[in-house]
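# Report on the structure
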Amino acid sequence: MKMLLFLTTLAAFPMLTPLTPLAAGVAVAQAPDQRHGDQRSAFEARRTGRSLSLREIEARVMPMMQGAQYLGFDYDAGSGIYTLKFLRNGNVIWVDVDGRTGQIIGRTGQ
């Protein structure tokens, strides 16, 4: 019970300790505003013709990722790069795709 109270206190008042949220046992997720920002940026780039749609990007990459679970994407509006995230056999795979051309420009993981 004391440990739960300690972790709850750390989560509520992270400035009280030098521990990072991960060290304190608190899961860190991408902020909802950031996720929505990625979606808005991708939509706006598609609408203005600066980028392919997410569906077009996914249609090009997904066939190459047989046996992997698709986890989602990030979009960098500054560079126009989509990063698609996959999970296969416990390994995370990131695939970077140029949003303007649909070409895969990088891949991390197995």
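Below you will find a few notes about this structure.

The rules we used
- What you see as residue numbers is a count from 1 along each chain, following the sequence as written.
- Given that the model is predicted, a residue must reach a pLDDT of at least 70 before its local features are reported, and side-chain atom pairs must reach 80 or more before they are shown or counted; all residues, however, enter totals for whole chains, interfaces and linings.
- To obtain the side-chain values, all non-hydrogen atoms of the structure were included, while hydrogens and water were left out.
- Pairing of aromatic rings covers Phe, Tyr and Trp, the last through its six-membered ring, and needs centres within 6.5 Å; plane angles under 30 degrees mean stacked, over 60 mean edge-to-face, and all others mean tilted.
- Working definition: helices are DSSP H or I runs of at least four residues, strands are E runs of at least two. Numbering for both runs from the N terminus.
- Buried, partly exposed and exposed residues are distinguished by accessible area as a fraction of the type maximum, computed with a 1.4 Å probe on protein chains only: under 20%, between the cut-offs, and over 50%, respectively.

### Points about the packing of aromatic side chains
If you walk through the whole model with that rule in mind, you get 3 aromatic pairs. Each ring, one from Tyr70 and one from Phe86, has its centre 5.3 Å from the other, and the planes form 40 degrees; the classification is tilted. With Tyr70 in strand β1 (residues 69-76) and Phe86 in strand β2 (residues 81-88), the pair connects residues that are 16 residues apart, well separated along the chain. We classify Tyr70 as partly exposed; its relative accessible area is 24%. Aromatic pair Tyr75 and Tyr82: ring centres 4.6 Å apart, planes at 50 degrees, arrangement tilted. Of the two residues examined, Tyr75 and Tyr82, each falls in the buried class. Connected via pairs of aromatic rings, a cluster forms that spans Phe73, Tyr75 and Tyr82.

Scope: geometric values only; no functional claims are made or implied.
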